[in-house]
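Close look at the chain arrangement
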Amino acid sequence: MKTLIILVVVIAIVKIGSASADDQNKQLATTNNQIPALTNHEVRLKGFMIKTKVIALDQSVIDRIKVANVKMKLIRSAHPQDNAPETIVDAGEYLGQHMAMIAAPDVCVEYDGIFYFSGGTSSAQDTNFLSGFAIKKGETIINSW
Amino acid sequence: MSKKVLNYAGKRPMLLALIMATLTLGLLFSGWLTPTPGRAQQVPPNPQPNVESCTNCISEGSVVFEGETYVPVVCIGNSVTVDSGSFLIYSADVRVITTNSDGSTTTTDYAVQPNYSMTWTASVGSFNASGTGDSATFTPTNGGCGTVIFTCNYTNLTPCGDIGHPTTTSGFSVAQMSTNCTSGTVVLGNSSSATNLWYAANMSVTLSATNNNISNSIVVTTHDPCGINPDTYVTNLVAATIITNWWTVNYGSFSTNGSGLSATFTLTNPGSGTVTFNEEYTQNTPCDTNVYSATPLSIPFNVISVTLTNMGFANGNHQISKDDGSGTYPSPEWQLLTNNMTTNYPTCYTRNTSMTVTPNWIIIPGGFSGPVLVKGISSGPQLPVVSGFPGSVTSTDNFKNKVDFLNPLTIDWQASLDGGTNWHDIATTANQVYVTLNDPTCATLYHTVVWLACVNAVGQTTVGGTADAVFSGFTGLVVKRVSDNIQMTYWMTNSMGDYQMGATETGGILSAADANGNCQAWSALLRDCFRAHGISADRIKALPVAASDQSILVKDWQFNNPPSGSGTYPYNVGTDAFDLPGVPGQGNSNPPGGFNGHWITLCNGSYYDPSYGTSKVSGANKDKDYEDGSLAGYGESLPPSNGTGVRKNDTSAGSASELHYTTDN
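Residues numbered from 1 in each chain as written. Chains lettered and ligands numbered in written order. Predicted model: local features only at pLDDT ≥ 70, side-chain atom pairs only at ≥ 80, totals over all residues.

Turning our attention to the overall build of chain B. A count of helical and extended segments in chain B gives 6 helices and 47 strands. Compactness check: chain B gives a C-alpha radius of gyration of 61 Å against a globular reference of 26 Å for 665 residues, more than 25% above the reference. When the backbone C-alpha atoms are referred to their principal axes, chain B occupies close to 205 × 70 × 30 Å. Out of the 665 residues belonging to chain B, those deemed buried represent 38%. The long-range share in chain B, meaning contacts at least 24 apart out of those at least 6 apart in sequence, stands at 67%. (Helix = DSSP H or I, 4+ residues; strand = E, 2+ residues; numbered from the N terminus. Rg over C-alpha atoms; globule rule 2.2 N^0.38 Å. Buried ≥ 20, exposed ≤ 12 C-beta atoms within 10 Å, placed from the backbone. Contact = placed C-beta atoms within 7 Å.)

Here is the structure:
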């Protein structure tokens, strides 16, 4: 009975995630047969990034981040006078204040002390970390891939 | 009565004739020779008939030499004339006493000149000669101090009767000549026009020698045995006879030879060598006739080749960075590669400053150091003529006192081995040289940055003029990179039709494969172009002031009234608000219509928007003016997608600026 309850909870979480995610998550599931866990019900970004989803970290995300790291390059140098973001919310706000964008990143995640934002570099939606921004916690440098 | 006769015959005959003629005429006119009564005539008077007469010699006549002091000097074999000198003839005086018929007597005196004749005998050494007359002419065959004895034989006529044989002695000198030979030498001299020769392929070289002092020294001494005249010396130079001459050339591993004193040969490579000239000669009589060898003459020569291997710019130039971010262009900026290919990197100077270049040379032969003059004929600041191959040359004047772009600055390097008469080309360097208004202040002076900064601002001398001129290069919306001539774009779409943000900094858009960038990149690029001139400029971030404004709507948008919604954002995108093609951007005829904010460039009190190339905005109200000129409205979300609410930009008079402008470099 206890096992059944846990299973029901998991299914419920998956359904919630599936129901609250839009097309990009469908695309992600189709492409990778894996749906990232969503945590935006707990953390919500501000401003025009209000729709940017904060996802849970799992192995598939880590794998994509590792790929992204290979392509990572600096696009904004350190600005010591700026307030360095310590949270992913601050990072989102910092990103929105210092990057000219036409769309908000679609998803974001914190991994290994770095905030990763997928999308936002084009008008196309991207939840697979094919491109995006990265800001190291406590630093003002913005990287992109 | 006696009469003197000066006889200078044989000594000064013309002078004597002149004297005698003068005396004769004088005497005639004076009447001295006119028979005078009571004065005896030379012809005895005829006796009167029946008259007795008696003739008596009162005094005897005579001839007296006065002597000769002049001693002629002749050489053996030459005729000499020796004179007796002057002599005096004294006439005899005769008196005739006639007893007339009446017993009276008449006394008549007259003079009778004695008869005389001259003989002479000459002798010098074993030579003897004789003759008559008071002038002796003969040809002595012996040298020495000789004498001529003149003897006068005179006889007085009856009634006088004395005879005499006075003598006088004159001298003459037969000079003794001797000849000595001081051996001469033949010295070879270098008559080559030049021994430092400029190399040319398969060049023909001619070097030559000449004979100097090719004479014997023969001294002829003339000695006067009588000691009256000093010895005289006459030096005669008698040319030696050249028997043969030849030359040899040694030039590295190359050698050749030939005859004569002019060596012509062909060389195929630069270097140094020596040509040696040799000569044999004989002297001539009275010197010996042995065969002598002139001291060989070795003439070192250089066949010079100069290669300019590289040339850098120094002292005040600003190094330019490559667009691809791999660092600055290396110095030396000009380098000679193989196959006569060159690298020609750009450099940058500030206007009205001098230029220093640092050429490097390969000189063959290696030890050659001149004399040589080197000059670089510059299409920019002028370079001085220098002696030797310089390692550094600073111009004698400055770049023009204005923004400039020398495309390229050429320097024709030339050298002269003859003091500047003839110049030989070495190489021509060519480098792009950008001349900025002031010293660059941008962090990295990218090639495209300085190119954009200068190519459109040539001739500018002011900050404002330069800034506007630089920006004029952006207003056409076609801005290309120097490195690959690719046009840079603004939020260009990819193959899927999706807008791409691209680079966000100057270095990024200059190096990105797609040459695409957002407004941050473009405003940074223009900022750096201004800073390339040392003009103060900043990238400005403009974000909505209102917390609810999540996007700005860039012109053009169409708003249909009345709006379907209400509140702050009454227009609904896709329903009564539509993004029109609107204002084109760099390389993009239809950039996105909405952003979270916009980045522009502030310079000299004006906003410049390089992303769209629109007119600059200036003045105290430039914030609002910029917004009204560029923005159509604001949205409640980003992107302002269908279904989201937007509002129009309030352009009413006195409306406030709705963007917050901050520096964001």
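The rest of the description comes next.
The helix and strand tally for chain A stands at 4 helices and 6 strands. The linear arrangement of helices and strands in chain A, starting from the amino end, is α-α-β-α-β-α-β-β-β-β. With 145 residues in all, chain A has 42% of them scored as buried. The contacts in chain A between residues at least 6 apart in sequence include a share of 51% that link residues at least 24 apart.

Before going further, it helps to spend a moment on the environment of Pro225(B). Residues and elements named next belong to chain B. By secondary structure assignment, the location of Pro 225 is in the loop between strand 17 (215-223) and strand 18 (232-239). Note on Pro 225: 18 C-beta atoms within 10 Å, which makes it partly exposed. Along the backbone, Pro 225 and Val 73 are 152 residues apart, and their C-alpha atoms lie at a distance of 9.3 Å. Apart from residues lying up to four places away in sequence, Pro 225 is in contact with Gly 143, Gly 144, Cys 145, Ser 173 and Gln 176.

This brings us to the sheet that holds strand 29 (residues 373-378) of chain B. Residues and elements named next belong to chain B. Spatially, 5 strands are ordered 27-33-32-29-30 in an open sheet, and the strand pairing comes out mixed. A single partner strand is all that each edge strand has here, and the edge strands are strand 27 (347-350) and strand 30 (386-387). On the sheet, helix 2 (residues 447-455) packs against strand 27, strand 32 (404-416) and strand 33 (424-436) and is oriented at approximately 80° with respect to strand 33. (Pairing = 2+ DSSP bridges. Axes fitted to C-alpha atoms, helices over the stretch in contact; angles between N-to-C directions.)

Moving on: unusual backbone geometry. Each neighbour pair has its own omega, and for Thr158(B) with Pro159(B) the value is 20°, a cis peptide bond. Within the secondary structure, Pro159(B) sits in the loop between strand 11 (144-155) and strand 12 (163-164). You will see that Asp112(A), though not glycine, has its phi angle at about 55°, which is positive. Relative to the elements of secondary structure, Asp112(A) occurs in the loop between strand 3 (107-111) and strand 4 (114-118).

Another point: the nonpolar core. Core analysis: the largest hydrophobic core is formed by 132 residues, its most contacted members being Tyr116(A), Val449(B), Val450(B), Ala453(B), Cys454(B), Val470(B) and Cys529(B). Of all the elements, helix 5 (residues 519-532) of chain B adds the most residues to this core, at 9 residues. Apart from residues no more than four positions distant in its own chain, Cys454(B) is found in contact with Val403(B), Asp404(B), Phe405(B), Tyr434(B), Val435(B) and Thr436(B). In this structure, Val63(B), Phe87(B), Ala122(B) and Val124(B) belong to the second largest nonpolar core, which totals 18 residues. (Core = buried A, V, L, I, M, F, W, Y, C linked by C-beta atoms within 7 Å.)

Now for the sheet that holds strand 4 of chain A. Residues and elements named next belong to chain A. What the 6 strands build is an open sheet, ordered 1-3-4-5-6-2; its pairing is mixed. The open sheet terminates on both sides in strands that have one partner only, identified here as strand 1 (53-54) and strand 2 (73-76). Pairing geometry for strand 4 and strand 5 (residues 132-136), over 5 bridges, is antiparallel. By the bridge assignment for strand 5, Tyr 116 is matched with Ala 134. With respect to the sheet, helix 3 (residues 59-71) is in contact with strand 3, strand 4 and strand 5, its orientation differing from that of strand 3 by roughly 85°. Contacting strand 1, strand 2, strand 3, strand 4, strand 5 and strand 6 (142-144), helix 4 (residues 88-98) crosses the sheet at an angle of about 120° to strand 5.

Here we take up helix 2 of chain B. Taken across its 9 residues, helix 2 of chain B has 8 buried, putting it largely inside the fold. Those residues of helix 2 of chain B that are buried are in contact with strand 27, strand 32, strand 33, helix 3 (463-475), helix 4 (506-511) and helix 5 of chain B.

Let us look at the pairing of strand 3 of chain A. Residues and elements named next belong to chain A. Note that strand 1 and strand 3 share 2 bridges and pair parallel. By the bridge assignment for strand 3, Val 54 is matched with Cys 108. In this sheet, strand 4 lies alongside strand 3 in antiparallel orientation, the contact comprising 5 bridges. Residue pairing for strand 4: Val 107 is matched across the bridge by Ser 118. In sequence, strand 3 turns back onto strand 4 through a hairpin of 2 residues, with Asp 112 there showing a positive phi of about 55°.

Here the focus is the environment of Thr644(B). Residue and element names in this part refer to chain B. Structurally, the position occupied by Thr 644 is in the loop between strand 45 (631-635) and strand 46 (645-648). Taking the C-alpha atoms as reference points, Thr 644 and Thr 108, separated by 536 residues in sequence, lie 185 Å from one another. Not counting chain neighbours up to four residues away, the residues in contact with Thr 644 comprise Val 573, Gly 635, Glu 636 and Ser 637.

All names here are of chain B. Per-residue pLDDT for chain B averages 90, and the proportion of residues at 70 or more is 92%. This stretch, residues 1-41, has a pLDDT under 50; its non-local contacts, to residues over four places away or in other chains, come to 35 contacts. Here the prediction assigns the complex a pTM of 0.71, and the interface score ipTM is 0.75. (pLDDT = per-residue confidence, 0-100.)

Moving on: the interface of chain B and chain A. Opposite the 26 residues of chain B that make contact, chain A presents 17 residues. Those elements that provide at least two residues to the side of chain B that touches chain A are helix 5, strand 41 (594-595) and strand 42 (598-603) of chain B. Each residue belonging to the side of chain B that touches chain A can be placed in one class, and the counts come to 11 nonpolar, 12 polar and 3 charged. (Nonpolar A, V, L, I, M, F, W, Y, C, P; charged D, E, K, R; others polar.)

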